[in-house]
Amino acid sequence: MTKKKFHWIGFGMGIMAVTCSIIPNFILGEDSIFTAHDQLDGEMIAYILQAGNLFGGEWLPEFMGGMWKTALTPPAPACVLLFLSGNYFAALLIMQLMGRLAGFAGMYLLVRKSMGTGNRWTATAAGLLYAFLPFLPVYGLSQYGIPLLFWCVLEIREKKHLLLCYGYVAFFALNSSLVLAGFGLLGMGGLYLVWELRRRGGLETEGKLRLLGAWLLLLGVYLVENVRLLAQILGIGSERVSHKTEYVLRAEAFGKAFLRNLLQGGQHSEGYQELLIPTVVTLVSVCLLLFLTIGKAYSAPGEAVRWEQIAGKLRWMGVCLGWNIFFALLAAFWTGAAGVAIRGSLGMLGAFQLDRVLWISPCLWYLAAAAGAEILLDLWKESRVGVSKAVSGICLLLLGAITGVTGVKILLAGDVKSNLQKLRNPQYALLSYSDYYALGVMEQVRDFLTEQTGKSQEEYRVVSLGIDPAAALYHGFYCLDGYSNNYSLTYKHRFRRIIAPELEKSEYLQTYFDDWGNRCYLFSAECPGYYTIEKDGFYFQSYQPDTKALREMGCDYLLSAAYIQNASEEGLRLMNEVPFETENSYYRIYVYEID
């Protein structure tokens with residue numbers, strides 16, 4: 001077997017491992033477990049409603065009584081097409097598989113390319129670690145696709161596979177988010193272009209133009225697909241004031257935020273590198289110090305150490321670590337006292353999360369780790385003295401052990417572990433996809449209301465209590481409540497009247513809604529912070545919505561996950577004494593009419 005063919009064995013094994021990771025999902029079907037926060041409760045609904053209103057103008061009639069489309073901007077716009085079939089579970093599963101495959105292939109190719117055809121097993125290990133990071137599939141290629149984008153940039157720089165690489169740049173932009181990762185990548189690319197333009201003796205003019213073309217392509221696609229959002233931000237067209245203008249920003253301690261960003265990462269961008277990277281840096285430093293002390297130990301008889309190759313890998317490691325330190329500092333500044341002071345004067349732009357640059361960090365962490373592993377491997381191969389050979393070997397073994405620990409931590413943190421648990425124990429406690437969206441229960445509610453009223457879903461409006469509104473939206477109900485990071489400030493004020501009596505009972509809920517307000521939900525002081533109430537003995541003893549405000553906003557029915565004891569006193573009429581449920585359903589739903 002040739003060396004080239006052997007090289008593809010590692011790649012093939014990785015692809016097979018990634019593909020097999022979704023087998024539990026195929027077996028479980030809609031009983032699979034997916035992270036709910038910022039996925040099932042928000043972004044999934046964005047895809048579903050955008051697909052249902054793809055050619056329907058500027059509004060989403062089902063959402064918040066009819067809200068502009070920028071209230072729910074899908075993070076991977078092209079993936080809306082997957083939801084046109086109506087099989088939303090299959091669409092999510094395709095996004096999961098596509099993301100993991102892109103993550104593995106991209107990191108594998110990037111390590112091999114940047115390390116000068118680096119060790120195939122180093123590339124395979126880095127690719128698998130990255131592919132199984134618990135990124136949310138609803139974000140498309142915003143994180144998973146970054147290594148492959150970097151690989152394409154290196155290929156374009158060398159005038160290789162131009163059609164393929166330019167095609168992927170456009171594909172990446174169509175399947176990723178400008179406001180989550182794209183702005184950071186454009187910033188990195190812009191700085192790199194400036195550096196290339198000013199560098200003497202570097203890339204030829206034609207090469208610089210190729211890179212500029214890739215950058216402009218990425219920027220152009222992002223601008224086209226985000227034209228509505230950019231128009232709103234810039235105040236072009238009809239005036240739409242976002243509820244973000246009333247965000248109350250609170251500063252974090254700079255040092256604490258910096259260390260968290262560096263060791264853990266940002267929200268939805270945890271890299272689990274807190275053991276791996278310090279270990280790599282320490283071991284590489286030890287081996288390099290050993291060389292400087294007994295340099296002759298690292299040269300075979302009659303040969304010089306391949307320091308040019310090792311120095312190149314050391315540069316890659318340093319560049320990756322340098323960028324991530326910069327990102328951690330930038331994010332800490334943005335959330336610190338100085339950043340918050342600046343943001344307070346920017347209006348809606350002040351709510352922009354510049355700390356999302358941390359979404360790029362995991363890619364750089366694992367590229368740095370691969371570079372460190374390659375350096376250790378090269379030093380071990382080059383050493384000829386027993387002590388140096390032993391030290392290099394021990395360092396490699398330690399790095400292998402820490403890599404294994406990191407891999408286990410990643411698997412335990414993700415949905416792969418949860419779904420394997422679900423296969424082993426069908427009563428596993430975490431909410432499944434079916435549980436979250438009340439499959440088999442919401443259909444009963446829909447059919448009941450159709451039978452009782454003779455109306456179709458678009459002819460009445462509902463709100464949910466103790467059930468995330470995503471469940472009703474998933475089943476085609478027209479809702480007044482919802483989860484959005486960019487809806488009308490006027491609507492927030494109107495909706496607040498509905499929940500005002502409950503907010504007055506809870507300082508936590510009042511601060512949560514008034515200072516942030518992305519969740520426009522029916523809150524209850526009896527169970528603050530609980531949006532998914534499982535069927536059991538719980539019931540609302542003194543729930544007090546402003547039903548007059550509900551009626552004024554056009555609400556007809558309230559769907560509750562628990563019995564409301566004082567319903568009649570609050571102008572709510574129970575429509576059916578027997579709640580809707582199935583034998584294995586998470587929810588038991590009571591339907592109340594707004595009198």
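Our subject is the structure listed above.
How each quantity is defined
- Throughout, a residue's number is its position along its own chain's written sequence, starting from 1.
- At least 70 in pLDDT is required for a residue's local features to be given in this predicted model, at least 80 for side-chain atom pairs to be given and counted, and no such filter applies to totals for whole chains, interfaces and linings, which use all residues.
- Derived side-chain values reflect all non-hydrogen atoms in the structure, with water molecules and hydrogen atoms excluded from consideration.
- DSSP-based pairing: two strands are paired if at least 2 bridges between them are found.
- Under the scheme used here, helices are H or I runs from DSSP no shorter than 4 residues and strands are E runs no shorter than 2 residues, and both carry numbers assigned from the N terminus.
- Geometry is summarised by axes, namely lines fitted to C-alpha atoms with helices restricted to the contacting stretch, and by angles between N-to-C directions that run from 0 to 180 degrees.
- Every residue pair with non-hydrogen atoms within 4.5 Å of one another is taken to be in contact.
- Burial classification: accessible surface area is computed with a 1.4 Å probe over protein chains only, and a residue below 20% of its type maximum counts as buried, one above 50% as exposed, and the rest as partly exposed.
- Aromatic rings from Phe, Tyr and Trp, taking only the six-membered ring of Trp, are treated as a pair when their centres fall within 6.5 Å; an angle between ring planes under 30 degrees marks them as stacked, one over 60 as edge-to-face, and anything in between as tilted.
- In this text, buried Ala, Val, Leu, Ile, Met, Phe, Trp, Tyr and Cys residues form a nonpolar core when linked through side-chain atoms within 4.5 Å.
- Any Lys or Arg side-chain nitrogen found within 4 Å of a carboxyl oxygen on Asp or Glu counts as a salt bridge.

Colleague: Even after reading the chapter, I still don't get the sheet that holds strand β3 (residues 462-465), so can you show me in this structure?
Modeller: The strands that make up a sheet pair up through hydrogen bonds in the backbone, lying either parallel or antiparallel. What the four strands build is an open sheet, ordered β3-β6-β8-β7; its pairing is mixed. Every other strand in the sheet has two partners, leaving β3 and β7 (572-574) as the edge strands with one partner each. Neighbour-to-neighbour, the strand axes of this sheet turn through a mean angle of 30°, independent of strand direction. Strand direction decides the pairing type here: strand β6 (residues 557-560) and strand β8 (residues 590-594), joined by four bridges, are antiparallel. What sits directly across from Y557, in β8, is E593. Against the sheet, helix α21 (residues 442-453) touches β6 and β8, its axis set at about 155° to β6.

Colleague: Explain the pairing of β3 to me, please; I cannot follow it from the model alone.
Modeller: For a regular strand, side-chain orientation follows a simple rule: the groups alternate between the two sheet faces. Of the two faces of β3, the one lined by V462 and S464 and the one lined by V463 and L465 are each fully buried. As paired elements, β3 and β6 share four bridges and run parallel to each other. Its bridge partner being in β6, S464 is matched across the sheet by L559.

Colleague: Can you walk me through the packing of aromatic side chains in this structure?
Modeller: By convention here, two paired aromatic rings are described through the distance between centres and the angle between planes. One pass over the structure, following the stated rule, counts 38 aromatic pairs. Between W323 and F327, the aromatic rings sit 5.5 Å apart at their centres with planes inclined by 35°, giving tilted as the arrangement. Of this pair, W323 and F327 both sit in helix α15 (residues 307-335), separated by four residues, roughly a single helical turn. According to the relative accessible area criterion, W323 is partly exposed, its value standing at 22%.

Colleague: Just to check I follow, could you spell out the nonpolar core for this structure?
Modeller: Of all hydrophobic cores here, the largest spans 97 residues; its most connected members are Y433, Y437 and L558. Ranked by residue count, the leading element in this core is helix α4 (residues 43-52), at seven residues. In contact with Y437, other than residues within four places in its own chain, are L40, M44, I45, M442, A470, A471, Y474 and H475. If you look at the next biggest cluster of nonpolar residues, it comprises 87 residues, including Y144, C165, F183 and I360.

Colleague: Mind showing me how you'd approach the environment of Y563 here?
Modeller: Take Y563: it is sitting in the loop between β6 and β7. The exposure class of Y563 is partly exposed, given its relative accessible area of 37%. It is 6.6 Å that separates the C-alpha atoms of Y563 and Y590, two residues lying 27 residues apart in sequence. In contact with Y563, not counting residues within four places along its chain, are Y539, F540, L574, Y590 and Y592.

Colleague: Any chance you could explain unusual backbone geometry here in plain terms?
Modeller: In most cases, non-glycine residues show a negative phi, while peptide bonds are predominantly trans. Even without a glycine there, the phi angle at H161 is positive, about 50°. Its place among the elements puts H161 in the loop between α8 (146-157) and α9 (162-174). The phi angle at A438 is positive, at roughly 50°, despite the residue not being glycine. Here A438 is to be found in the loop between α20 (433-436) and α21.

Colleague: Before we go on, may I ask you to explain the pattern of salt bridges in this structure?
Modeller: Oppositely charged side chains are able to pair whenever their charged atoms sit close together. Inspection of the entire model under this criterion finds 22 salt bridges. Taking the shortest distance from any N to any O, the salt bridge between K113 and E158 comes out at 2.7 Å. Separated by 45 residues along the polypeptide, K113 in helix α5 (residues 88-114) and E158 in the loop between α8 and α9 bring together distant segments of the chain. In this structure, E593 and R573 form a salt bridge, with 2.3 Å as the shortest nitrogen-oxygen distance. With E593 in strand β8 and R573 in strand β7, this pair connects stretches of sequence that are 20 residues apart. Salt bridges sharing partners connect three or more residues here, namely K113, E155, E158 and K160.

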